[in-house]
Amino acid sequence: MSDYRPVDAITRVEIEQLIAELLYRLDHNQADTTWELYTEDGVSVGPLGDMDREAMKVWGAKRARQTDIVSQHFIGGIRLVQDGEDVEGTVQYLTFRDTNEPQTQPASVGEFRERYRKTDGQWRFARREIVPVFGGRAAAAHAARLDGREGPAQ
């Protein structure tokens, strides 16, 4: 038996807008503001390391200064499940980066495993895990570039 507990239509739209806003900011040199979309205790986990909001502020400021890196995120297959007051989500993604060779090949394909929580009337990310299924080496190399260190070959 499935544990599918669908969310109502308004909640779905609000969470999809939250996801789209995060990706818009990442793709339009506004990474320094992405931390605002997380709860006070929110975390991000994945190839960039484990980050709380303070670490996201530092990472985002550094990433926003790197205007020579162009990225585009595409998402689909958004599955949202009610979990008490929170909502759990799985979002399929494709990420393209101009640093990837060839540029027309996705740098990373995978899923975001997320938990959303409503705070002060707004949905926010409580947890976001980036799970590359394909392109994990490219994702690790990108993380290393952002940190200013060498990474695995793409």
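Procedures and definitions
Residues numbered from 1 in each chain as written. Predicted model: local features only at pLDDT ≥ 70, side-chain atom pairs only at ≥ 80, totals over all residues. Heavy atoms only, no water. Helix = DSSP H or I, 4+ residues; strand = E, 2+ residues; numbered from the N terminus. Expected span 1.5 Å × (residues − 1). Buried < 20%, exposed > 50% of the residue type's maximum accessible area, 1.4 Å probe, protein only. Arc of directions from axis to C-beta. Polar contact = N/O pair within 3.5 Å; in protein donor to acceptor, adjacent residues only side chain to side chain. Salt bridge = Lys/Arg side-chain N within 4 Å of Asp/Glu carboxyl O. Core = buried A, V, L, I, M, F, W, Y, C linked by side-chain atoms within 4.5 Å. Contact = heavy atoms within 4.5 Å.

Peer 1: Describe in detail helix H2 (residues 53–65), supporting the description with residues and values.
Peer 2: End to end, H2 covers 18 Å across 13 residues, agreeing with the expected 18 Å (1.5 Å per residue, within 8%). Every buried residue of H2 is accounted for by Arg53, Met56, Trp59, Gly60, Arg63 and Ala64. Across the axial projection of H2, the buried residues extend over an arc of 130°, all falling on one side. Exposed residues on H2 whose side chains face more than 90 degrees from its buried face are Glu54, Val58 and Arg65. The backbone nitrogen of glutamate 54 has a side-chain oxygen 3.2 Å away, supplied by the residue at the start of H2, namely aspartate 52.

Peer 1: Can you tell me about the pattern of salt bridges, naming the residues and giving the values?
Peer 2: Evaluated as defined, the whole model comprises 14 salt bridges. In this structure, glutamate 114 and arginine 128 form a salt bridge, with 2.7 Å as the shortest nitrogen-oxygen distance. Here the residue glutamate 114 occupies a position in strand E5 (residues 108–119), and arginine 128 occupies one in strand E6 (residues 122–134), the gap between them amounting to 14 residues. Given a relative accessible area of 3%, arginine 128 falls into the buried group.

Peer 1: With reference to specific residues and values, describe the nonpolar core.
Peer 2: Side chains of a nonpolar character, in soluble globular proteins, are inclined to be buried together. Judged by nonpolar contacts, the single largest core of 23 residues is most densely connected at Ile15, Ile19, Val87, Tyr116 and Phe125. For this core, the secondary structure elements donating two or more residues are helix H1 (9–27), H2, strand E4 (86–97), E5 and E6. A total of six residues in this core trace back to one element, the largest contributor, which is H1. Apart from the residues lying within four places of it in its own chain, the contact partners of valine 87 are Val7, Thr11, Ile15, Leu80, Val81, Gln82, Glu114, Arg115, Tyr116 and Trp123.

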